[in-house]
Amino acid sequence: MDVYVLFSGGKDSSLSAVILKKLGYNPHLITINFGVIPSYKLAEETSKILGFKHKVITLDRKIVEKAADMVVEYKYPSPAIQYVHKTVLETLADEYKILADGTRRDDKVPKLSYSEIQSLEMRKNIQYITPLMGFGYKTLRDLANEFFIMEEIKSGTKLSSDYEAEIRHILKERGENPERYFPEHKQTRVVGLKKEI
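Quick caveat, the model's predicted, so the values are computed rather than measured.

As for the environment of Glu 179
So, step 1. Assignment of secondary structure puts Glu 179 in the loop between helix H7 (163–173) and strand E7 (186–193).
So, step 2. Judged by relative accessible area, which is 42%, Glu 179 ranks as partly exposed.
So, step 3. A distance of 2.8 Å separates the side chain of Glu 179 from the side chain of Arg 168, its partner in a polar contact.

Section: helix H5 (residues 114–124)
So, step 1. Ile 117, Leu 120 and Lys 124 are the residues of H5 that are buried. Down the axis of H5, the buried set is contained in an arc of 65°. They therefore lie on one face. Opposite the buried face of H5, at more than 90 degrees from it, the exposed residues are Tyr 114 and Met 122.
So, step 2. Buried-residue contacts for H5 involve helix H4 (78–92) and strand E5 (127–129).

Let's talk about the packing of aromatic side chains
So, step 1. Following the criterion strictly, the structure yields two aromatic pairs and no others.
So, step 2. An angle of 35° between the planes, with centres 4.3 Å apart, marks the rings of Tyr 4 and Tyr 96 as tilted. Of this pair, Tyr 4 sits in strand E1 (residues 2–6) while Tyr 96 sits in the loop between H4 and strand E4 (98–100), and the two are 92 residues apart along the sequence. For the pair shown, Tyr 4 and Tyr 96 are each scored as buried.
So, step 3. Aromatic pair Phe 147 and Phe 148: ring centres 6.1 Å apart, planes at 45°, arrangement tilted.
So, step 4. The ring of Phe 147 carries Lys 195 above its face, with NZ or CZ at 5.4 Å from the centroid.

Rules used throughout
- Residues numbered from 1 in each chain as written.
- Predicted model: local features only at pLDDT ≥ 70, side-chain atom pairs only at ≥ 80, totals over all residues.
- Heavy atoms only, no water.
- Helix = DSSP H or I, 4+ residues; strand = E, 2+ residues; numbered from the N terminus.
- Buried < 20%, exposed > 50% of the residue type's maximum accessible area, 1.4 Å probe, protein only.
- Polar contact = N/O pair within 3.5 Å; in protein donor to acceptor, adjacent residues only side chain to side chain.
- Arc of directions from axis to C-beta.
- Contact = heavy atoms within 4.5 Å.
- Phe/Tyr/Trp six-rings, centres within 6.5 Å; stacked < 30°, edge-to-face > 60°.
- Lys NZ or Arg CZ within 6 Å of the ring centre and 35° of its normal.

Listed below in structure tokens is the structure:
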């Protein structure tokens, strides 16, 4: 069965694709872009390393514009990231019948509640799979280290393929300093394989 995995090129979305393949699915990686900057480039590179089909889907810039408004309004990015993720899933569910992502058990955002997942699946007649939901951070770190060579970078210092990159860019276009709103954190990106998947 084909499964369409929201893909940033990081360890979580990469590990989700690997687990789904091991379960017998045929993963297709999807990176979302809003036409602001080519934030999908790193995900494209990582998809080639992993050997999975990859597609960039460009959605309406208004989605990420609204997210930037929310970051400024709430003075914190979590509600904006959550809004983008839900909007992306709602949009993709009209075309793809099996969606997956790298949401983890200890993620705060983006993350759908159990009732939101049920609603999405029932309203859109889809399957939504979160293969990492049962794993904690330490377990995922160990699993990712088993499969991948990774690069860890401070968020905002290098173009990444997640929602945050384009939101940060819009804030800069508006004369805002993204560092005011986004707490300092690290992001990982898969840059190589340690073993065949």
